[in-house]
Protein chains: 2
Amino acid sequence: MDAQVKRGLLDVCVLAAIKFDDSYGYKIIKDLEPYMKISESTLYPILRRLEEQGQLTVRSEEYNGRLRKYYGITATGRDKIAQFASEWKEIMSVYDYVTREE
Amino acid sequence: MDAQVKRGLLDVCVLAAIKFDDSYGYKIIKDLEPYMKISESTLYPILRRLEEQGQLTVRSEEYNGRLRKYYGITATGRDKIAQFASEWKEIMSVYDYVTREE
DNA sequence: GGATATACTATACGACGCGAGGTATTATGT
DNA sequence: ACATAATACCTCGCGTCGTATAGTATATCC
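Our subject in this report is the structure included herewith. In every chain, residue numbers begin from 1 and rise along the written sequence. Chains carry letters from A onward and ligands carry numbers from 1 onward, assigned in written order. In keeping with the model being predicted, local features are shown solely for residues with a pLDDT of at least 70 and side-chain atom pairs are shown and tallied solely at 80 or more, while totals for entire chains, interfaces and linings include all residues. Heavy atoms throughout the structure, all of them, feed into the side-chain values; hydrogens and water do not.

This brings us to the protein's contact with DNA strand D. Neighbouring residues of DNA strand D: 23 residues in total, closest A:Y26, A:R68, A:K69, B:S41 and B:R66. Note on terminology: near, applied to a residue and a molecule or strand, indicates that one of the residue's heavy atoms is within 4 Å of it. Protein-proximal atoms of DNA strand D, defined as those within 4 Å of the protein, fall in sugar or phosphate at a share of 69%. Contact between DNA strand D and A:Y24: a phosphate oxygen at 3.0 Å from a side-chain N or O atom of the residue. Contact between DNA strand D and A:Y26: a phosphate oxygen at 2.3 Å from a side-chain N or O atom of the residue. Each helix is a run of DSSP H or I of at least 4 residues and each strand a run of E of at least 2, with the numbering of both proceeding from the N terminus. Contributions of two or more residues to the surface near DNA strand D are made by helix 2 (25–32), helix 3 (40–52) and strand 3 (66–73) of chain A together with helix 1 (3–17) and helix 3 (40–52) of chain B. Top contributing element to the surface near DNA strand D by residue count: helix 3 of chain B, with five residues. A breakdown of the residues in the surface near DNA strand D according to their chemical character gives seven nonpolar, six polar and 10 charged. For the purposes of these results, a polar contact is taken to be a pair of N or O atoms within 3.5 Å, where, inside protein, one atom must be able to donate a hydrogen and its partner to accept one; residues adjacent in sequence count only when each atom of the pair is a side-chain atom. Gly falls in the polar group here, along with every residue not listed as nonpolar (Ala, Val, Leu, Ile, Met, Phe, Trp, Tyr, Cys, Pro) or charged (Asp, Glu, Lys, Arg).

Before going further, it helps to spend a moment on the sheet that holds strand 3 of chain A. Residues and elements named next belong to chain A. Spatial strand order, 1-3-2: three strands in an open sheet with antiparallel pairing. The strands lining the two open edges of the sheet, one partner per strand, are strand 1 (23–24) and strand 2 (56–63). Pairing between two strands is assigned when DSSP locates at least 2 bridges connecting them. As judged from the eight bridges shared by strand 2 and strand 3, these two strands associate in the antiparallel manner. By the bridge assignment, E62 is partnered in strand 3 with L67.

Moving on: the pattern of salt bridges. We define a salt bridge as a side-chain nitrogen of Lys or Arg found within 4 Å of a carboxyl oxygen belonging to Asp or Glu. Considering all chains together, one arrives at eight salt bridges over all chains under this definition. Here B:R49 ties to B:D11 by a salt bridge, and the two come within 2.9 Å at their closest N and O atoms. Here B:R49 is found in helix 3, whereas its partner B:D11 is found in helix 1, with 38 residues between them in sequence. Exposure classes here rest on a 1.4 Å probe applied to the protein chains alone. A residue is buried below 20% of its type maximum, exposed above 50%, and partly exposed in between. Relative accessible area serves as the criterion here: at 21%, B:D11 is assigned to the partly exposed category. The residue B:D22 makes a salt bridge to B:R59 at a minimum N-O spacing of 2.8 Å. Here B:R59 lies in strand 2 (residues 56–63) and B:D22 lies in the loop between helix 1 and strand 1 (23–24), a separation of 37 residues in the sequence. On the accessibility criterion, B:D22 (40% relative accessible area) is partly exposed. Its relative accessible area of 38% is what places B:R59 among the partly exposed residues. Among the charged side chains, a salt-bridge network with shared partners connects A:D22, A:R59 and A:E61.

Put into structure tokens, the structure is as follows:
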């Protein structure tokens, strides 16, 4: 996928990955793989930013002797998803414009 | 529209604005307005970049005593549009993933 | 004659993706 | 037993790019 387009979808994809169940970095990367390849150095800064913005919450939990950070979506995060969905009409109209045949 | 999403659509919108007829900066901004508001300070650097990348060509022409730069799409530019169109399925699958109901 | 539209340019800032590199434990294969 | 891969997190630095701000200059409208 085009790098710039991808950029526009990254945040909302991460939110979508935790919208039903809390999840953690490594799992998010694997879950998103079919839709969008995202590297660790891309994801972790995004998670931190989304937390700062109040779109998700973090809790640390030990799993099998290893530390895991579980991320859960907040109401603000859900709003972002809803906002993205409501913007879709605009995005579609751009698509139609770009692919139009005179 | 979300700033990041917009970012992903900017290049291809500009190409789309000149895909049938050559155009110039000011007109491109007005033509794109219904789909996407783009400022001068955003557009002109994009035009220069797209030229460097061989996606469009420029010629200067005098119009009414004022200099105008007309931009025309190249085969490479058309390829970019085609590429965007062919990526659309992936983008749609992201949309479906983000808006899915369990 | 003053405001608005037209038309292009340069500078500087900040946001952000991501490659490269680091640490550490557990599971798997031979 | 030992190497390799998988799991799980983190940081630093680079380059790209949108955009606010400001500047230049002519034409048109009231």
